[in-house]
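# Structural overview for review
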Amino acid sequence: MHWTTYMAALAVPSIAVLGAVIAFLQSRIARNKLKLDLFDRRFAVYDKTVLYYQAYHSSGSDPDAVSIAAGEFIRAYRESRFLFGPDSEVYKAMTKVKDTLSFLVGYEEKFRSQPYDESEHKAWSELKAEKPDLSMLMGALENALVPWLDFRGVK
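Residues numbered from 1 in each chain as written. Predicted model: local features only at pLDDT ≥ 70, side-chain atom pairs only at ≥ 80, totals over all residues. Heavy atoms only, no water.

This part takes up the environment of Leu137. Within the secondary structure, Leu137 sits in helix α5 (residues 134–149). If we skip the residues at most four places from it in the chain, Leu137 touches Lys96, Val97, Thr100 and Pro132. (Helix = DSSP H or I, 4+ residues; strand = E, 2+ residues; numbered from the N terminus. Contact = heavy atoms within 4.5 Å.)

Below, the structure written as structure tokens:
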């Protein structure tokens, strides 16, 4: 037999093996791309939460900036249910942050200008005192996010 016969016989299996290797590598690339996309979307949820927190705490608390940040946060909060799951610690921590910030922003808006009813202010102030510390809630959220944002082990 001539060497071209051997080469022709090996060409088809060689091409098939090469195609399988390329398909395997493409699947790994696609899996890594999915992990990166999930990481980016999850980090965006955290980023919008921090922006809302910062807008509330910024000096003077510009109501428009807080309102814009609140809108972005609410969209991120709703998305977090699907990115992390409704039973996840992240979603539970985000819910606490949402509830607390919503109350605090409402409190600031309600009592920013005079006049207001002093008894109503006292009642709201008592409720405000019962709210959890926002920085503690943010810390709990960050701790809950660690397994989701550790890029080496992105789920």
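Orientation of helix α3 (residues 89–111) relative to helix α4 (residues 118–130), taken along the N-to-C sense of each, is 160 degrees, at an axis distance of 11 Å. Relative to α4, the element α3 is oriented roughly antiparallel. Crossing of α3 over α4 shows left-handed handedness. Contacts between α3 and α4 involve Phe103, Leu104, Gly106, Tyr107, Glu108, Lys110 and Phe111 on the former and, on the latter, Glu120, His121, Trp124, Ser125, Leu127 and Lys128. (Axes fitted to C-alpha atoms, helices over the stretch in contact; angles between N-to-C directions. Parallel < 35°, antiparallel > 145°, perpendicular 65-115°, else oblique. Left-handed = near helix turned anticlockwise from the far one by under 90°.)

This part takes up the side chain of Thr100. Along the chain, Thr100 turns up in helix α3. Apart from residues no more than four positions distant in its own chain, Thr100 is found in contact with Lys131, Pro132, Leu134 and Leu137.

Let's shift gears to the packing of aromatic side chains. Counted by the stated rule, this structure contains eleven aromatic pairs. Ring geometry for Phe103 and Trp124: centres 5.4 Å apart, planes at 20 degrees, overall stacked. Note that Phe103 is positioned in helix α3 and Trp124 in helix α4, a separation of 21 residues in sequence. A relative accessible area of 24% places Trp124 in the partly exposed class. Relative to Trp124, the ring of Tyr107 has its centre 6.5 Å away and its plane inclined at 35 degrees; by these criteria the two rings are tilted. With a gap of 17 residues between them, Tyr107 in helix α3 and Trp124 in helix α4 connect regions that are remote in the sequence. Through a chain of ring-to-ring contacts, three or more aromatic side chains come together here, namely Tyr52, Phe73, Tyr77 and Tyr91. Against the face of Phe103 rests Lys131, its NZ or CZ located 4.9 Å from the ring centre. (Phe/Tyr/Trp six-rings, centres within 6.5 Å; stacked < 30°, edge-to-face > 60°. Buried < 20%, exposed > 50% of the residue type's maximum accessible area, 1.4 Å probe, protein only. Lys NZ or Arg CZ within 6 Å of the ring centre and 35° of its normal.)

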